[in-house]
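# Chain and residue survey
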Amino acid sequence: ITILSIFVVKETVKPWQWVFFLTSFVGVVCIKGFDPNTPLLYVLLGLLASLCRGISHNLVRHMHGKEHPLVMMFYATLISVLATGVYLSYYFVVPRSYEWGMITGMSIFSCLAHYCMIMAYQLAPVAQIASISYLSIVCAFVVSYFFLQEAVSPLALLGIALVLLGVILDLAYKQKTAAPAQ
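All values derive from a computational prediction rather than experimental measurement.

### Structural notes on the overall build of the protein
Of regular secondary structure, the protein possesses eight helices and zero strands. Listed N to C, the secondary structure of the protein is α-α-α-α-α-α-α-α in terms of helices and strands. Taken along its principal axes, the extent of the C-alpha atoms in the protein is 65 × 45 × 35 Å. The proportion of buried residues among the 182 residues of the protein is 24%. Carbon and sulfur atoms provide 74% of the accessible area of the protein, an area that totals close to 12900 Å². Here the protein contributes 9 positive and 6 negative side-chain charges, whose respective centroids are spaced 11 Å apart.

### What to know about helix H5 (residues 97-123)
Here H5 is 27 residues long and its end C-alpha atoms lie 40 Å apart, about the 39 Å a rise of 1.5 Å per residue gives. Within H5, the full set of buried residues consists of Met117, Ile118, Tyr121 and Gln122. Here the buried face of H5 lies against helix H3 (40-62), helix H4 (69-91) and helix H6 (126-133).

### Observations concerning the side chain of His57
Within the secondary structure layout, His57 lies in helix H3. Taking relative accessible area as the criterion, His57 reaches 6% and is therefore assigned buried. Filtering out sequence-adjacent residues up to four positions away, His57 remains in contact with Ile1, Met117 and Tyr121.

### Focus on the packing of H4 against H5
The interhelical angle for the contact between H4 and H5, taken along N-to-C directions, is 125°, at an axis separation of 10 Å. The angle between H4 and H5 falls in the class oblique. In terms of crossing hand, the pair formed by H4 and H5 is right-handed. Residues Pro69, Leu70, Met72, Met73 and Ala76 of H4 touch H5, and the partners they reach there are Cys111, His114, Tyr115, Ile118, Met119 and Gln122.

### Quick notes on the environment of Pro95
Relative to the assigned elements, Pro95 resides in the loop between H4 and H5. The class for Pro95 is buried, based on a relative accessible area of 14%. Once residues lying within four places of it in the same chain are set aside, the contact partners of Pro95 are Trp100 and Ile103.

### Some remarks on the packing of H6 against helix H8 (residues 154-178)
Remark: H6 packs on H8, axes separated minimally by 9 Å, with the N-to-C direction vectors making an angle of 155°. Relative to H8, the element H6 lies roughly antiparallel. You can see that H6 and H8 cross each other, and the crossing is left-handed. Contact with H6, carried on its side by Ala127, Gln128, Ser131 and Ile132, involves Gly166, Val167, Asp170, Leu171 and Lys174 of H8 and no other residues of that element. Residue composition of the contact of H6 with H8, grouped by class: four nonpolar, three polar and two charged.

### Some points on the confidence of the model for the protein
Here the protein averages 83 in pLDDT, and 97% of its residues register 70 or above. Taken element by element, the predicted model of the protein shows its lowest mean pLDDT in helix H1 (residues 2-8) (77) and its highest in H5 (90).

Calculation criteria
Residues numbered from 1 in each chain as written. Predicted model: local features only at pLDDT ≥ 70, side-chain atom pairs only at ≥ 80, totals over all residues. Heavy atoms only, no water. Helix = DSSP H or I, 4+ residues; strand = E, 2+ residues; numbered from the N terminus. Buried < 20%, exposed > 50% of the residue type's maximum accessible area, 1.4 Å probe, protein only. Areas by Shrake-Rupley, 256 points an atom, 1.4 Å probe, with all protein chains shown as cover. Lys, Arg positive; Asp, Glu negative; His and termini not counted. Charge placed at Lys NZ, Arg CZ, Asp CG, Glu CD. Expected span 1.5 Å × (residues − 1). Contact = heavy atoms within 4.5 Å. Axes fitted to C-alpha atoms, helices over the stretch in contact; angles between N-to-C directions. Parallel < 35°, antiparallel > 145°, perpendicular 65-115°, else oblique. Left-handed = near helix turned anticlockwise from the far one by under 90°. Nonpolar A, V, L, I, M, F, W, Y, C, P; charged D, E, K, R; others polar. pLDDT = per-residue confidence, 0-100.

Here it is in structure tokens:
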């Protein structure tokens, strides 16, 4: 997302910010882990998904003031429905009654999160929001630990610490460089 922001929306990224992004990225790798047995196709699909996300977020920033966030949300959802519709036509299973409630809840919270994400990318520099978005993986681990009773490995804890360190250093650096000279 940050690399594309240099070309798409002409934002500048300072050298220290790259260090902070790398710190958070290493944290994500520690959390997720690396399996050398993962098929190349899945790695390439993950990279393609990351590229598409980067393009999407940069286009949201580029459209600031040109299009309403709800219109962008509508088209993003439409593209997702069309893209997954082919897959679902072969593998669709009718949800049970309690699953409809879960699907409804997930849909509502996803829409709210998507709207907030669009607003964030329109109101702040792309690099800053990209840095903060690393916190989502920390939130996922907190939820999985406390609500799903999943175990967290020491390597994952190190990863969480690195993600938090990278985000906090980036935000502090942004605040320090944005402060007026005295």
